[in-house]
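Commentary on secondary and tertiary structure
Here is how the chains run, residue by residue.
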Amino acid sequence: MSLPDLSPPSLVQEAFARSPQALLLIDPVADRLLGANAAACQLLGGDLEALSAHPFSHRLGASLPLWVSFTDEALTRSPAWSDDLVVLDLKRQPRHVEVQAQALVRGRLLLTLVDRQKAEQRRARAELGRQHRRGQVGWERVEQVFERIERQNRLILGAAGEGIYGLDAEGRTTFANPAAERILGWSSEDMVGHDAHLLFHHTHADGRHFPVQQCPIHASFSDGQVHRVDDEVFWHKNGEAVPVEYTSTPIFEMGRLVGAVVLFRDISERKRAEQQLRDALAEVESLKQRLELENQYLQEEIKAEINHREIVGESQAVAHLVRQIALVAPTDANVLISGESGTGKELIARAIHAGGARGGRPLIRVNCAAIPRDLFESEFFGHVKGAFTGAVNDRPGRFELADGGTLFLDEVGEIPLELQGKLLRVLQEQQFERVGDNRTRQVDVRVIAATNRDLREMVEAGEFREDLYFRLNVFPIASVPLRQRIEDVPLLARHFLLRACQKFNRPGVRIPPAQLEVLKRYPWPGNIRELENVIERQVIVAQGRQLAFDDLIPAAGDERVASPGEPFPPPRESAEPGLLTEQELSRRQRENALAALRASGGKVSGEGGAAERLGIKPTTLRSRLKAWGIAPRDFKAS
């Protein structure tokens with residue numbers, strides 16, 4: 001048979017182009033691809049123009065050092081052969097190949113490439129063919145088995161909900177299933193051939209660098225152990241952290257570690273559920289603390305045995321007070337109750353609270369005179385754990401406990417000036433922050449304040465903010481002292497007697513009418529509280545069924561209220577020389593107070609005031625002056 005009529009160069013070119021082996025002609029010194037046949041273009045995924053657009057070293061990737069050594073061997077000791085080399089196709093996918101190189105003239109190399117995977121498949125088919133010829137199994141059947149296994153593996157990887165990717169012994173990604181692409185945002189083309197740790201496992205959740213030497217996945221390459229991690233992060237392509245749990249399983253081939261397979265799961269939903277549970281538990285703990293504190297206040301109210309709707313009396317002053325309570329109770333207006341100590345200001349506050357829409361919620365009482373100066377803010381607004389020494393837990397403040405109800409600020413004149421501005425802000429905006437916290441909390445609180453001090457005088461003296469005074473004094477109520485409604489003393493006395501008899505289990509005790517008259521003649525500087533205490537004390541010490549107050553209240557029948565310019569009634573002579581009767585002692589206290597008022601020009605509190613000169617509290621002096629019917633303004637210098 002004769003050969004076709006082709007010239008030798010044409011024949012060589014035809015053989016090169018149609019060779020079933022992938023052939024490449026390269027110039028290793030110039031790093032250029034000079035030619036590639038159809039089989040080589042198919043192997044590398046592109047035509048000659050696309051493949052030669054870049055230096056040939058771009059097709060080598062991490063195998064470049066091995067290629068340099070291999071081409072040096074081929075140029076010096078041609079031919080050369082290797083099966084350890086990798087070449088990258090146009091999609092940057094690695095192709096493990098067997099390479100045979102033949103040196104040509106002018107330093108050129110002719111490379112013959114064989115895809116190792118396809119070659120192994122061909123050998124397997126050939127072996128199966130031999131077995132088929134020996135009668136062991138049919139060729140078509142075996143081919144179908146292998147195709148089915150490969151198809152099933154692809155379906156399993158594609159259907160898996162967990163992310164799965166493979167790594168070689170250098171940490172480069174060899175494959176990634178669709179779930180891994182979905183969770184991480186990187187496509188398979190982005191990941192394959194690249195270092196997985198540098199791509200999406202480079203940093204801890206808090207932003208700290210994650211050295212590859214500490215990576216449990218890479219540890220599988222060295223110790224050959226399975227590593228499981230329950231709480232770590234991979235990094236999405238958009239830069240967001242994805243909480244994951246994963247298992248890294250090493251892969252062995254012929255007893256040699258060749259890589260690992262990583263199966264991971266996105267646990268964002270689980271983390272969110274855990275955080276919601278923690279938040280719910282914290283909210284439950286906060287509500288528990290709040291309920292405990294509210295229960296504490298309710299227990300205090302029960303122990304006080306006060307019927308907040310009960311205001312005893314038939315005088316004009318009480319009737320006027322009841323009308324005022326009826327007017328203001330249904331509103332949410334702030335109320336300022338002023339009056340001497342012991343006149344029942346808290347009783348008025350409770351009646352206002354109970355008569356409004358907030359009556360079903362607690363009334364939280366704050367005794368401003370009993371709170372240490374440095375704890376005012378914490379008591380009012382609460383604090384978070386660690387806000388200051390001793391703050392071992394989060395604690396709600398009185399405003400938070402009174403949310404939806406009423407806050408009763410007793411002795412409001414004792415609030416430090418530096419805290420009054422914060423209090424004003426809460427009254428205006430119904431917002432506050434706990435000490436040590438930056439979260440703004442919203443509350444709905446009605447405020448009722450009470451004081452036995454003259455807040456107008458404190459405003460003038462710079463001891464109380466004027467804007468806070470006007471904010472509190474929306475609806476002023478005066479608590480009338482007992483001496484100005486002395487006709488209510490018999491009713492009050494009987495009321496307290498009934499309670500005391502029940503409290504001390506002394507039934508049948510009564511007050512004779514003559515003794516009620518004694519009580520009516522006494523000025524009661526301690527007001528209703530003093531009357532209640534006197535009744536209880538007499539119930540305790542009474543020997544019979546009748547109470548007597550002649551010895552308990554000396555000279556009650558002679559004592560009366562005097563005007564500032566009127567002399568005190570003449571004192572009784574003491575039974576023993578050197579002793580003072582109660583009346584004489586009161587007279588001397590009164591004269592001493594008048595002298596102090598004259599010296600201070602009518603100023604009661606503050607520096608140089610009458611209280612400071614006498615060495616007593618301003619509240620004590622004011623109480624005595626009101627009991628004596630003395631007005632400090634009458635002593636002011638003209």
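Going by the structure above, here's the rest.
Notes on the structure in this doc start here. (Residues numbered from 1 in each chain as written. Predicted model: local features only at pLDDT ≥ 70, side-chain atom pairs only at ≥ 80, totals over all residues. Heavy atoms only, no water.)

Nonpolar side chains in soluble globular proteins generally cluster together in the buried interior. Residues Phe380, Phe399 and Leu409 are the most contacted members of the largest nonpolar core, which totals 32 residues. Contributions of two or more residues to this core are made by strand E12 (363–367), helix H14 (376–381), helix H15 (398–401), strand E15 (406–410), helix H16 (417–429), strand E18 (446–451), helix H17 (455–460) and helix H18 (466–472). Per element, the largest residue contribution to this core is five residues, and it comes from H16. In terms of nonpolar packing, the next biggest core, distinct from the first, is built from 25 residues, Leu24, Ile26, Val87 and Val99 among them. (Core = buried A, V, L, I, M, F, W, Y, C linked by side-chain atoms within 4.5 Å. Buried < 20%, exposed > 50% of the residue type's maximum accessible area, 1.4 Å probe, protein only. Helix = DSSP H or I, 4+ residues; strand = E, 2+ residues; numbered from the N terminus.)

Now for the packing of helix H19 (residues 489–504) against helix H20 (residues 513–521). Helix packing for two helices is described by the angle between their axes and how far apart those axes are. Direction vectors running N to C along H19 and H20 enclose 115°, while the axes themselves pass 9 Å from each other. At the point where H19 passes H20, the crossing takes the right-handed sense. Contact with H19, carried on its side by Val489, Pro490, Ala493 and Arg494, involves Leu516, Leu519 and Lys520 of H20 and no other residues of that element. Along the lines of polarity and charge, the residues of the contact of H19 with H20 split into five nonpolar, no polar and two charged. (Axes fitted to C-alpha atoms, helices over the stretch in contact; angles between N-to-C directions. Left-handed = near helix turned anticlockwise from the far one by under 90°. Contact = heavy atoms within 4.5 Å. Nonpolar A, V, L, I, M, F, W, Y, C, P; charged D, E, K, R; others polar.)

As a further point, take the environment of Arg92. Tracing the sequence through the fold places Arg92 in the loop between strand E3 (80–88) and strand E4 (94–103). Residues Arg92 and Leu60 lie 32 residues apart in sequence; the distance between their C-alpha atoms is 9.6 Å. Beyond its immediate stretch of four places on either side in the chain, Arg92 contacts His58, Arg59 and Val192. Reaching out from Arg92, the side chain makes a polar contact with the backbone oxygen of His58 at a distance of 2.8 Å. (Polar contact = N/O pair within 3.5 Å; in protein donor to acceptor, adjacent residues only side chain to side chain.)

Spatial ordering of the open sheet is given by E2-E1-E5-E4-E3, a layout of five strands whose pairing is antiparallel. On the outer flanks of this sheet lie strand E2 (32–36) and E3, each paired with one strand and no other. Each adjacent strand pair in this sheet contributes to an overall mean axis angle of 35°, direction not counted. With seven bridges connecting them, E4 and strand E5 (residues 109–115) associate as antiparallel partners. Across the sheet, Gln102 pairs through a bridge with Leu110, a residue of E5. Strands in contact with helix H4 (residues 64–76) are E3, E4 and E5; relative to E3, the strand with the most contacts, it is inclined by about 145°. (Pairing = 2+ DSSP bridges.)

Relative orientation of the contacting elements helix H12 (residues 316–328) and helix H13 (residues 345–354) amounts to 40°, with a least axis distance of 8 Å. Relative to H13, the element H12 lies oblique. Regarding H12 and H13, the two cross each other, and that crossing is right-handed. Counting all contacts with H12, which are made through Leu321, Ile325 and Val328, the residues of H13 involved are Ile348, Ala351 and Ile352. (Parallel < 35°, antiparallel > 145°, perpendicular 65-115°, else oblique.)

The subject of this paragraph is the sheet that holds E15. Pairing between sheet strands relies on hydrogen bonds along the backbone, with the strands arranged either parallel or antiparallel. Reading across from one edge, E12-E15-E18-E11-E19 is the order of the five strands in this open sheet, with parallel pairing throughout. Both outer strands of the open sheet, E12 and strand E19 (475–479), are each paired with one neighbouring strand and no more. Within this sheet the neighbouring strands show an average axis-to-axis angle of 20°, counted without direction. Set on the sheet, H13 makes contact with strand E11 (335–339), E12, E15, E18 and E19; between it and E11 the angle comes to about 155°.

For the coordinates displayed, the defined rule picks out 37 salt bridges. Note that Arg358 is salt-bridged to Asp444, the shortest N-O span being 2.8 Å. Taken together, the residues span a long stretch of sequence, with Arg358 in the loop between H13 and E12 and Asp444 in the loop between strand E17 (440–442) and E18 at a distance of 86 residues. Judged by its relative accessible area of 10%, Arg358 falls in the buried class. Between Arg456 and Glu466 there is a salt bridge whose closest N-O contact spans 3.6 Å. Highlighted residues: Arg456 in helix H17 and Glu466 in helix H18, separated in sequence by 10 residues. Note on Glu466: relative accessible area 39%, which makes it partly exposed. A network of salt bridges, in which partner residues are shared, links Glu162, Glu245, Arg265, Arg270 and Glu274. (Salt bridge = Lys/Arg side-chain N within 4 Å of Asp/Glu carboxyl O.)

Once that is clear, we can look at the environment of Arg278. Of note, Arg278 is situated in helix H11 (residues 268–304). You can call Arg278 partly exposed: its relative accessible area is 45%. Among the polar contacts made by the side chain of Arg278, one reaches the side chain of Gln275 at a distance of 2.8 Å.

Here we take up the side chain of Glu98. Tracing the backbone through its elements, the reader meets Glu98 in strand E4. For Glu98, a relative accessible area of 17% puts it in the buried group. Not counting residues within four places of it along the chain, the set of residues in contact with Glu98 comprises Trp81, Ser82, Asp83, Thr112, Leu113, Val114, Arg116 and Arg123.

Scanning the entire structure with this criterion turns up two cavities of 30 Å³ or more. Its boundaries defined by the atoms lining it, the largest cavity holds a volume of some 40 Å³. Tallied by class, residues from the lining of the largest cavity come to no nonpolar, four polar and three charged. Of the voids in this model, the second largest cavity is the one considered here, and its volume is about 30 Å³. In terms of lining, the second largest cavity is formed by Tyr165, Leu167, Ala196, His197, His201, Ile217 and His218. Mapped onto the lining of the second largest cavity, the elements with two or more residues apiece are strand E6 (163–168), helix H9 (196–200) and helix H10 (216–223). Broken down by class, the residue content of the lining of the second largest cavity amounts to four nonpolar, three polar and no charged. (1 Å grid on protein atoms, 1.4 Å probe; cavity = no way out; pocket = protein on both sides within 12 Å on 5 of 7 lines; lining within 4 Å. Points joined across faces, edges and corners; volume = space filled by probe spheres on them.)

Turning next to helix H24 (residues 618–628). Of the positions making up H24, those classed as buried are Leu621, Arg622, Ser623, Leu625, Ala627 and Trp628. The positive-phi residue at the C-terminal boundary of H24 is Gly629, with phi of around 75°.

Let us now look at the packing of aromatic side chains. The tally for this structure, following the rule as stated, stands at 14 aromatic pairs. Judged by centre distance (5.4 Å) and plane angle (85°), the rings of Tyr165 and Phe200 are edge-to-face. Here the residue Tyr165 occupies a position in strand E6, and Phe200 occupies one in helix H9, the gap between them amounting to 35 residues. Comparing Tyr165 with Phe200, the two get one shared label, buried. Taken together, the aromatic side chains of Tyr165, Phe200, Phe234, Tyr246 and Phe264 make up a single cluster linked through ring pairs. (Phe/Tyr/Trp six-rings, centres within 6.5 Å; stacked < 30°, edge-to-face > 60°.)

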